[in-house]
Amino acid sequence: MATNVPSERKLREIEEIAAGWGKLLARESFPEGPELDVSLADMEDIVARATKAIVHGAVETMTADQAGRLGNQTACPGCGKMCELKRKSRTVTVRGGSANLDEPVAHCPTCRRDFFPSA
Ligand SMILES: [Zn+2]
């Protein structure tokens, strides 16, 4: 695993925060508590939709922040010329849902090729 990922301690903190969001979600879904005709499957459906939304929002935010680190220009791997970085949107399936990634892509007019900047 990469060295710049959150520590186990930080991950436990994130889980505690998410558990708090779960309690808020329960109160938002049923401010007075669920009636007796609401099944466990009904509750699970609500949570599953919210979980997908969290995955979607978190992955898109993290990947956008990461892409922002690359700046607006990058060197062509072929000739070294600085080329403008653009973003190309792509939907990907991730664990727990999907996310739209704005992937950085550049075009070198000298080499006449598209390339993805390397980390
Ligand atoms: Zn080039």
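Provided above is the structure to which this section pertains.
We now turn to the structure provided with this report. Every chain begins its residue count from 1, and numbering advances along the sequence as written. Under the rules for a predicted model, residues below a pLDDT of 70 receive no local features and side-chain atom pairs below 80 are neither given nor counted, while totals for whole chains, interfaces and linings still include all residues. Each side-chain value is derived from all of the structure's non-hydrogen atoms; neither hydrogens nor water enter the calculation.

### Regarding the overall build of the protein chain
Then comes step 1: Only runs of H or I of at least four residues qualify as helices and only runs of E of at least two qualify as strands under DSSP, and these elements are numbered from the N terminus. Counting its regular elements, the protein chain contains two helices and four strands.
Then comes step 2: Its helices and strands taken in sequence order, the protein chain reads α-α-β-β-β-β from the N to the C terminus.
Then comes step 3: The C-alpha radius of gyration computed for the protein chain amounts to 21 Å, which surpasses the reference 14 Å derived for 119 residues by more than 25%, pointing to a less compact arrangement than a globule.
Then comes step 4: Taken over the C-alpha atoms alone, the protein chain extends approximately 70 × 30 × 20 Å along its principal axes.
Then comes step 5: Throughout this description, buried means an accessible area under 20% of the type-specific maximum (1.4 Å probe, protein chains only), exposed means over 50%, and partly exposed covers the range between. Per-residue burial for the protein chain yields a buried fraction of 15% across its 119 residues.
Then comes step 6: Considering only residue pairs separated by 6 or more positions, the protein chain has 39% of its internal contacts joining residues 24 or more positions apart.
Then comes step 7: Surface exposure of the protein chain reaches about 9,600 Å², of which carbon and sulfur atoms provide 54%. Throughout, radius of gyration means the C-alpha value; the globule benchmark is 2.2 Å times the number of residues raised to the power 0.38. The contact criterion used is simple: two residues touch if any of their non-hydrogen atoms lie within 4.5 Å. Note on areas: Shrake-Rupley with a 1.4 Å probe; residue coverage comes only from the protein chains shown.

### As for the sheet that holds strand E4 (residues 113-115)
Then comes step 1: Two strands make a pair as long as DSSP finds a minimum of two bridges between them. Read from one edge of the open sheet, four strands run E1-E2-E3-E4, paired in antiparallel fashion. Looking along the sheet, the strands with just one partner apiece sit at the ends: strand E1 (73-75) and E4. Taken pair by pair, the neighbouring strands of this sheet meet at an average axis angle of 50°, ignoring direction.
Then comes step 2: Pairing of strand E3 (residues 97-108) with E4, which is carried by three bridges, proceeds in the antiparallel orientation. Bridge pairing in E4 places Cys108 opposite Arg113.
Then comes step 3: Interaxial angles span 0 to 180 degrees and are taken between N-to-C directions of axes, which are lines fitted to C-alpha atoms, for helices over the stretch in contact. Packing of helix H2 (residues 40-68) onto the sheet brings it into contact with strand E2 (82-94) and E3, and relative to E3 it is tilted by some 20°.

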